[in-house]
Amino acid sequence: MPDTTAEQRAIGILGGTFDPVHIGHIRLAIEVSELLNFQAVRFVPVNVPNHRQPPLVDGSVRFEMVRGGVRGGGR
């Protein structure tokens, strides 16, 4: 049976190529998270974007850049 006493909050999803991830991405996630009271924001690197040229950096490298950037962003 689920714990109905715990507060349930939404999780935000921020997608992008993150080629590279930068402080603007991190700041956006923090601002929106605070404004909308998200439990967390998940960053989802897009492999091949449909709105621009393919990223210069391989997807696995961008994933690791996002991982490091988010950890360094304090959230």
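Placed above this text is the structure.
Residues numbered from 1 in each chain as written. Predicted model: local features only at pLDDT ≥ 70, side-chain atom pairs only at ≥ 80, totals over all residues. Heavy atoms only, no water.

## A word on the packing of aromatic side chains
Counted by the stated rule, this structure contains one aromatic pair. An angle of 50° between the planes, with centres 5.6 Å apart, marks the rings of Phe 18 and Phe 43 as tilted. Of this pair, Phe 18 sits in the loop between strand E1 (11-16) and helix H1 (23-36) while Phe 43 is found in strand E2 (residues 40-45), placing the two residues 25 residues apart along the sequence. (Phe/Tyr/Trp six-rings, centres within 6.5 Å; stacked < 30°, edge-to-face > 60°. Helix = DSSP H or I, 4+ residues; strand = E, 2+ residues; numbered from the N terminus.)

## With respect to the side chain of His 25
Within the secondary structure, His 25 sits in helix H1. Residues in contact with His 25, not counting those within four places in the same chain, are Leu 14, Phe 18, Pro 20 and Phe 43. (Contact = heavy atoms within 4.5 Å.)

## Topic: unusual backbone geometry
In this structure, Pro 20 follows Asp 19 across a cis peptide bond, with omega equal to 5°. Mapping Pro 20 onto the fold places it in the loop between E1 and H1. Phi is positive for Phe 18, which is not a glycine, with a value near 50°. For Phe 18, a relative accessible area of 2% corresponds to the buried category. We note that Asn 37 has phi near 55°; this positive angle belongs to a residue other than glycine. With respect to the helices and strands, the residue Asn 37 is situated in the loop between H1 and E2. (Buried < 20%, exposed > 50% of the residue type's maximum accessible area, 1.4 Å probe, protein only.)

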